[in-house]
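Here is what each chain is made of, one letter per residue.
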There are 2 protein chains.
Amino acid sequence: MRTATADRIRAALDGLDLMTTIEEGFVEYSDGRAVVPPVGELILDRGEVHIKYGFVRGDEYYVIKVASGFFGNSARGLPSGNGLMLVFRQDTGVLERILLDEGHLTDVRTAVAGAVAAKHLAPVDIERIGIVGTGLQARLQLYHLETVTACRDVLVWGRGEQQVDRYRNDVRRQGFSAEGTKDADDVLRSCNLVVTTTPSSRPLLHASALNSGTHITAVGSDTADKQELESAILARANVVVADSIEQCRKRGEIHRAIADDAITGEHVLELGDVIANRSAGRVSQSDITVADLTGVAVQDIRIATAVLGALDADDQSEDRRCVTE
Amino acid sequence: MRTATADRIRAALDGLDLMTTIEEGFVEYSDGRAVVPPVGELILDRGEVHIKYGFVRGDEYYVIKVASGFFGNSARGLPSGNGLMLVFRQDTGVLERILLDEGHLTDVRTAVAGAVAAKHLAPVDIERIGIVGTGLQARLQLYHLETVTACRDVLVWGRGEQQVDRYRNDVRRQGFSAEGTKDADDVLRSCNLVVTTTPSSRPLLHASALNSGTHITAVGSDTADKQELESAILARANVVVADSIEQCRKRGEIHRAIADDAITGEHVLELGDVIANRSAGRVSQSDITVADLTGVAVQDIRIATAVLGALDADDQSEDRRCVTE
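### Notes on the packing of helix H2 (residues 18-31) of chain B against helix H3 (residues 104-121) of chain B
Residue and element names in this part refer to chain B. At a minimum axis distance of 9 Å, the contact between H2 and H3 shows a crossing angle of 80°. Here H3 runs roughly perpendicular to H2, going by the angle between their axes. Facing H2, whose interface residues are Leu18, Met19, Ile22, Glu23 and Phe26, H3 presents Val108, Arg109, Val112, Ala113, Ala115 and Val116. By residue class, the composition of the contact of H2 with H3 is nine nonpolar, no polar and two charged.

This is the structure in structure tokens:
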């Protein structure tokens, strides 16, 4: 059994085609090839812990992922998010690797899923990208959108002026020109690709500001309590897509909209079916589309397996080098 | 973050009072101080994986345990059981230690729970100890009974003659004199402390062979399918005790007996309540008592926390030695 540190995992990610990796995972999930039990959850006084786990039938490995959020950590100089992934062999149960990614793989697979949703659902011409939130996920989402759209014009909303300024400076270095706003609905008014990334438990975006032809990817809400989109937005959308229909009935924006009687949940499509062209997704450039991403274990399985392959190849080339020398 | 190997963990266990550790865990569980969500489970082609996790309120740590059984492994020269425990801080979510115990801590806490059940439920005079099964758990159960009873006379049942002979030889070295039998019900006929340790899915012991004054600890059945005791045994018992009433309604002997309409489940006591003297347990030496142990995460939490303390103390004395030298 070997462990891999966060630094080594970051290096291993560089050479991987993560868009394809995550797309394949969603298709496998919607095909029923992935076995993904309900999320395990611990609610502690100062944080919450999610255990996501499962396997794809016929694969070599199964994966157990632990991810935590402890919101008082930043005051102690610690990251609020943390985690690791355990990769085991399906034939023997032997632990193959411990990926001590400190939550980075969860951050990345979440951001890549946002890019996948935009690739398959956003309108052809992106005029402006709207980002709600100024944290790490707000940065990663934009970073992974680079390959999906040529648009480099961003409007960002955040609670604090400082955070908005820091975000604008950071993404400028990535080649994006970003403006800030104090009114979250401005993002809906002026952007046709919007990504929401906050842990808000009250709607930040409202249907009154929504234009036709907009795509929204909601990644912030992953529990039964969190909500970033007013339920009327989902009611007005032509297409509502879940990463997992089963999970989104219990967590996230779709769960909230069903609870508010804004939608019945009957017409929700699944992302893997849209990717595989079994469901239509966006039909017209004027459609309003919403993707609700609550995070499915198959993303963890796919990214962990891909990283494992890269680490194994790396180890082998290291071994060969030693033999040659 | 530090890892501890199985060898180091075995050494750390030596100095611990595991009976008290596990007793405290059961009392905390029955008190409602332990937060223990339902077991996570993966069923693969060649094995099964259980994820048990939780925490005791007010403790320093929470624990996530992964344990697997892959029954074809022995043909490959690998142990069938495997596992590890992850210990995290409750205040920050930081991973404190990875205990790479390869399933040993699960084996030990299961065996100690058997000894705890016998201590609180078995009759005062043990004439003969009956063991059903000849595997690792059959050995560990007997080993941990050493402190509970002075009886060293054993009758063992196993499917294969070779396995029975090997078991008899092994426990002889521990100071037990063991006979073998080919009829599992012989164990019930001649022993008044019986421990069942097999993964059988059909009853091995039958009520027709049951004497008054017998205590049975059933540790083999931990899923909805497995069953070692004919349901009529639980119907005849004066006292039926579960390690977790909630869990035993879904798994193990009590689950099976309820499904067979042999008992209603209303009068089942919980082991932690018996330990704390809140429930009576055995009232008369002629009572028949059955303890159904399906394995509760609080046992994992308690043994992992105890091992962590021993490892920390060990590290500190190592540090002091280095400073002094």
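There is more to say after this.
### Examining the pairing of strand S5 (residues 61-70) of chain A
All names here are of chain A. Most of S5 is tucked away, with eight of its ten residues classed as buried. Pairing of strand S4 (residues 47-56) with S5 involves nine bridges; the strand directions are antiparallel. Bridge pairing links Lys52 to Lys65 in S5. A loop of four residues connects S4 with S5, the two strands running antiparallel in sequence, and Gly58 in this loop sits at a positive phi of about 90°. Here S5 runs beside strand S6 (residues 81-89); their pairing, made up of nine bridges, is antiparallel. Counted as the bridge partner of Ala67 is Gly83 from S6.

### Observations concerning the relation of the copies chain B and chain A
Each copy of the sequence occupies a distinct position, and chain B is placed on chain A by a rotation of 180° and an axial shift of 0.0 Å, giving an RMSD of 0.1 Å. Taken together, the rotation angle and the small translation identify this as a two-fold axis. Closest approach to the rotation axis among the C-alpha atoms of chain B is made by B:Gly40, whose C-alpha sits 3.5 Å away.

### Some thoughts on the sheet that holds strand S8 (residues 129-132) of chain B
Residues and elements named next belong to chain B. Taken in spatial order, the eight strands line up as S10-S9-S8-S11-S12-S15-S13-S14 in an open sheet, and their pairing is parallel. Pairing within the sheet leaves two strands with one partner each, and these edge strands are strand S10 (177-181) and strand S14 (269-270). When strand S13 (residues 239-242) meets S14, the two strands line up parallel, connected through two bridges. Paired with Ala242 across the two strands is Glu270, which belongs to S14. Contacts from H3 reach strand S11 (193-196), strand S12 (215-218), S13 and strand S15 (289-292) within the one sheet, and its direction differs from that of S12 by about 160°. Here helix H5 (residues 161-173) sits on the sheet and contacts strand S9 (153-157) and S10; the angle it forms with S10, its principal contact strand, is near 170°.

Thresholds, definitions, all that
- Residues numbered from 1 in each chain as written.
- Chains lettered and ligands numbered in written order.
- Predicted model: local features only at pLDDT ≥ 70, side-chain atom pairs only at ≥ 80, totals over all residues.
- Axes fitted to C-alpha atoms, helices over the stretch in contact; angles between N-to-C directions.
- Helix = DSSP H or I, 4+ residues; strand = E, 2+ residues; numbered from the N terminus.
- Parallel < 35°, antiparallel > 145°, perpendicular 65-115°, else oblique.
- Contact = placed C-beta atoms within 7 Å.
- Nonpolar A, V, L, I, M, F, W, Y, C, P; charged D, E, K, R; others polar.
- Buried ≥ 20, exposed ≤ 12 C-beta atoms within 10 Å, placed from the backbone.
- Pairing = 2+ DSSP bridges.
- Least-squares fit on C-alpha atoms with pLDDT ≥ 70 in both.

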